[in-house]
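These are the residues of each chain, in order.
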Amino acid sequence: MSTMMYYSNPTPLDKKKHKDLKLKRQDNYAFTAESNSLPLAGFEFFQASRSFPIFFVKNADGKSVPIAILSFKNKSHDMGDKWQDAYVPAYVRRYPFVLSSDGIVLFDADAPHLQEEEGEALFEGEEAEATDTLKAIVDFLKTVDHGYQMTEAFCAALNEKDILRPFKGGIKVGESKINLDDLYVIDEQLLHSKLDEKDVNEWFKKGWLAWSHAHLHSLGSVNEVFKRAQTAAQADEAAEA
């Protein structure tokens, strides 16, 4: 589920080569400017549901993956560089770091977040031991990756129970209509009818029932996407006036 969409120069973090590297934290997400959707982990569904509709898509392997719809525009969104008043997915917050498939910490060597001049040190002492800053980063990366693994299991269970259905209809934008034929949603009636008592107990303990209802709740956030688009359009008009 985890990919490296924003990493132009992923580099293994090496305490010998990068002992002087520092992290200068930024609340600027300009690197997401061409994204209109992003992967989500299940543990994010509740928070994300207030800002974005959550749908499921099929990846190249035919597996279902949950995504947050940031915008109905092509290769853009309306939250600017700061994402003010919107939930920032872990997929974005982990940048410029990421774990490789075999658990190695990578960083984007082209990211402005990392430098030797100023910021929080990643290593300290003669042995270049990990600082608390780096330890916290690694813990967060592991939490996110574990969340993605749990989400993959959740999606596999949805497919096994055949609970996902194509989203019917489209979204009207101005005079045009955007078809959302490739997006899937949980069928609430099937969610209730296809889970027996054992399933319900298991899904409750794993948090999957809560994730399912958070996803269904999120569909009402389509209006939030339109509000952001309208606000951005008004700001553009004011700037041109």
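Residue numbers run consecutively from 1 along every chain, following the written order of its sequence. This being a predicted model, a pLDDT of at least 70 is required before a residue's local features are given, and a value of 80 or more before pairs of side-chain atoms are given or counted; all residues contribute to the totals for chains, interfaces and linings. Hydrogen atoms and water are omitted, and side-chain values are computed over all heavy atoms in the structure.

Chemist: How do you make sense of the packing of helix H5 (residues 197-206) against helix H6 (residues 208-218) when you look at a structure like this?
Modeler: When two helices pack together, their arrangement is captured by the angle between the axes and the distance separating the axes. Under this scheme, a helix contributes an axis fitted over its contacting stretch, all axes are lines through C-alpha atoms, and angles between N-to-C directions fall in the 0 to 180 degree range. Strands here are runs of E lasting at least two residues and helices are runs of H or I lasting at least four, both read from the DSSP assignment and numbered beginning at the N terminus. Look at H5 against H6: their axes get within 5 Å of each other, and the N-to-C directions meet at 80°. As judged from the angle between their axes, H5 and H6 are roughly perpendicular. Note on element contacts: H6 touches H5 through Trp 208, Leu 209 and Ser 212, opposite Val 200, Trp 203, Phe 204 and Lys 206. Ten residues, namely Ala, Val, Leu, Ile, Met, Phe, Trp, Tyr, Cys and Pro, are considered nonpolar, four, namely Asp, Glu, Lys and Arg, are considered charged, and the remaining ones, Gly among them, are considered polar. Tallied by class, the residues present in the contact of H5 with H6 amount to five nonpolar, one polar and one charged. In this scheme, roughly parallel covers angles under 35 degrees and roughly antiparallel covers those over 145, while 65 to 115 is roughly perpendicular and the rest are oblique. Whether two residues are in contact is decided by their heavy atoms, any of which lying within 4.5 Å being enough.

Chemist: I keep staring at the sheet that holds strand E6 (residues 97-99) and nothing clicks. Help me out?
Modeler: In sheet architecture, strand pairing relies on hydrogen bonds along the backbone and comes in two forms, parallel and antiparallel. Two strands form a pair only when DSSP identifies at least two bridges running between them. The three strands are arranged E1-E7-E6 in an open sheet whose pairing can be described as antiparallel. If you trace the sheet from one side to the other, it starts and ends with strand E1 (10-12) and E6, each paired once. For this sheet, the mean angle separating the axes of adjacent strands, direction not counted, is 35°. One ladder, built from three bridges, connects E6 with strand E7 (residues 105-108); its direction is antiparallel. Residue pairing for E7: Leu 99 is matched across the bridge by Val 105. Sitting on the sheet, helix H3 (residues 132-160) is in contact with E6 and E7, with an inclination near 50° to E6.

Chemist: Honestly, the side chain of Ser 49 in this entry has me stumped. Any pointers?
Modeler: Note that Ser 49 resides in the loop between helix H1 (45-48) and strand E4 (54-58). Only protein chains enter the accessibility calculation, which uses a 1.4 Å probe. A residue is then buried if its area is under 20% of the maximum for its type, exposed if over 50%, and partly exposed in between. With relative accessibility at 2%, the residue Ser 49 sits in the buried group. Within polar-contact distance, the side chain of Ser 49 engages the backbone oxygen of Phe 46 at 2.7 Å. The residues touching Ser 49, leaving out its near neighbours within four places in the chain, are Ile 54, Ala 214, His 217, Ser 218 and Ser 221. Here a polar contact is taken to be a pair of N or O atoms separated by no more than 3.5 Å, where protein atoms must pair a possible hydrogen donor with a possible acceptor and residues adjacent in sequence count only if both atoms sit in side chains.

Chemist: Looking at this structure, how should I read the pattern of salt bridges?
Modeler: Side chains that carry opposite charge are capable of pairing whenever their charged atoms lie near each other. Whenever Lys or Arg places a side-chain nitrogen within 4 Å of a carboxyl oxygen from Asp or Glu, that contact is recorded as a salt bridge. Considering all chains together, one arrives at eleven salt bridges under this definition. Between Glu 120 and Arg 25 there is a salt bridge whose closest N-O contact spans 2.7 Å. Pair noted here: Glu 120 is in strand E9 (residues 120-121) and Arg 25 is in the loop between strand E2 (22-23) and strand E3 (37-39), with a separation of 95 residues, a long-range link. Residue Glu 120 is classed as partly exposed on the basis of its relative accessible area, which comes to 30%.

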